[in-house]
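# Close look at the chain arrangement
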Amino acid sequence: QVQLVESGGGLVQPGGSLRLSCTASGSIFSIHSMGWYRQGPGKERELVATVLSGGTTIYGNSVKGRFTISRDNAKNTMYLQMNSLKPEDTAVYYCRLLIAPRGDYWGQGTQVTVSS
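None of these values were measured; they are calculated from a predicted model.

### Let's talk about the side chain of S33
Along the chain, the position of S33 falls in strand β4 (residues 31-39). Given a relative accessible area of 5%, S33 falls into the buried group. At 3.3 Å, the side chain of S33 and the side chain of H32 are in polar contact. Once residues within four sequence positions are removed from consideration, S33 is found in contact with T50, V51, L52, R96, L97 and L98.

Structure below.
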């Protein structure tokens, strides 16, 4: 069984920064990718950023240049550094882990609120 635990959400003013963390535990083999998704009020869940097993990173258009995804393989932990936050970044942020061949795991979500 795989578990994902997120942390680092909270309330921040526009223009501020936050760093989210996601730590994976359990039987973790053949990781395909780890990523962050978010779901804002009244919106569908969308990709924020993902990092593939080879290190390639992919970002959603709305966060390019502001957010940075990274991984610490030794700690089975993934990070999302979020800078220049905007009110439209307000959402519940979810961690996702894909393991070959069919493992698909989600964290419980962490709330990020950007407001003055």
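### A few points about the packing of aromatic side chains
Under the criterion given, the structure shown has two aromatic pairs. Geometrically, the ring pair formed by Y94 and W106 is edge-to-face, given 6.4 Å between the ring centres and 80 degrees between the ring planes. One end of the pair, Y94, is in strand β9 (residues 91-99); the other, W106, is in strand β10 (residues 103-106), with twelve residues separating them in the sequence. According to the relative accessible area criterion, Y94 is buried, its value standing at 15%. Each member of the aromatic cluster is reached from another via a ring pair, and the members are Y37, Y94 and W106. Above the plane of the ring of Y94 lies R45, whose end atom (NZ or CZ) is 3.8 Å from the centre. Seen from the ring of W106, R45 lies directly overhead, with NZ or CZ sitting 4.7 Å from the centre.

### A closer look at the state of the cysteines
Across all of its chains, the model carries one disulfide by this definition. The disulfide bridge from C22 ends at C95, spanning 1.9 Å between sulfur atoms. Measuring handedness by torsion sign, the sulfur bridge of C22 and C95 sits at about -70 degrees and is left-handed. Of this pair, C22 sits in strand β3 (residues 18-26) while C95 is found in strand β9, placing the two residues 73 residues apart along the sequence. Here the two residues C22 and C95 agree in accessibility, since each one is buried.

### With respect to the sheet that holds strand β8 (residues 77-82)
Taken in spatial order, the four strands make up an open sheet running β1-β3-β8-β7, and their pairing is antiparallel. The open sheet is flanked by β1 (2-7) and β7 (67-72), the only strands paired with a single partner. The average undirected angle you get between the axes of adjacent strands in this sheet is 15 degrees. Sheet topology places β3 next to β8; six bridges connect them, and they run antiparallel. From the neighbouring strand, L20 faces β8, where its bridge partner is L80.

Criteria and thresholds
- Residues numbered from 1 in each chain as written.
- Predicted model: local features only at pLDDT ≥ 70, side-chain atom pairs only at ≥ 80, totals over all residues.
- Heavy atoms only, no water.
- Helix = DSSP H or I, 4+ residues; strand = E, 2+ residues; numbered from the N terminus.
- Buried < 20%, exposed > 50% of the residue type's maximum accessible area, 1.4 Å probe, protein only.
- Polar contact = N/O pair within 3.5 Å; in protein donor to acceptor, adjacent residues only side chain to side chain.
- Contact = heavy atoms within 4.5 Å.
- Phe/Tyr/Trp six-rings, centres within 6.5 Å; stacked < 30°, edge-to-face > 60°.
- Lys NZ or Arg CZ within 6 Å of the ring centre and 35° of its normal.
- Disulfide = S-S within 2.5 Å.
- Pairing = 2+ DSSP bridges.
- Axes fitted to C-alpha atoms, helices over the stretch in contact; angles between N-to-C directions.

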